[in-house]
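Examination of the molecular architecture
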Amino acid sequence: MLYAIISQDRDGSLADRLKARPDHLQRLQALQEDGRLVLAGPHPAIDSNDPGDAGFTGSLVVAGFDSLQQARDWADSDPYVAAGVYASVTVKPFKKVLP
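Here we summarise the structure given alongside this text. If you're wondering where the values come from, they're calculated on a predicted model, not measured in any experiment. (Residues numbered from 1 in each chain as written. Predicted model: local features only at pLDDT ≥ 70, side-chain atom pairs only at ≥ 80, totals over all residues. Heavy atoms only, no water.)

1. Describing the side chain of Arg27
- Within the secondary structure, Arg27 sits in helix H1 (residues 14-33).
- A relative accessible area of 16% means that Arg27 is categorised as buried.
- Within the local environment of Arg27, its side chain forms a polar contact with the side chain of Ser77, the two groups lying 2.9 Å apart.
- Setting aside chain neighbours within four positions, we find Arg27 in contact with Trp74, Ser77, Asp78 and Pro79. (Helix = DSSP H or I, 4+ residues; strand = E, 2+ residues; numbered from the N terminus. Buried < 20%, exposed > 50% of the residue type's maximum accessible area, 1.4 Å probe, protein only. Polar contact = N/O pair within 3.5 Å; in protein donor to acceptor, adjacent residues only side chain to side chain. Contact = heavy atoms within 4.5 Å.)

2. Things to note about the nonpolar core
- With 11 residues, the main nonpolar core is built from Tyr3, Ile5, Leu28, Leu31, Val61, Ala63, Phe65, Ala71, Trp74, Ala75 and Val91.
- Listed by contribution, the elements that provide at least two residues to this core are strand S1 (2-9), H1, strand S3 (56-64) and helix H2 (68-76).
- Counting residues per element, this core draws most heavily on H2, which supplies 3 residues.
- Sequence-distant contacts of Phe65, defined by excluding residues within four places in its chain, comprise Met1, Tyr3, Ile5, Leu31, Arg36, Gln70, Ala71 and Trp74. (Core = buried A, V, L, I, M, F, W, Y, C linked by side-chain atoms within 4.5 Å.)

As structure tokens, then:
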């Protein structure tokens, strides 16, 4: 089943986000190689693909897992969590309708 992992950054987390980004991307790449990643990306803090110093307000990952608990466990072990980037993370089932 698909699950949406919706993360909210803490204020002032840009430096920590950038430092942890390579490890974060490596985990997403592994999901993609397994054919389980539907989409992933950050939410820019301003209306721009490159928000610069404004940074990001959070992230969205939609991926396939065997259970809600497995998706939560994967989200809990994210390098951004370990680095204190996220203030909160919500994991919930997702039903893809389109495209």
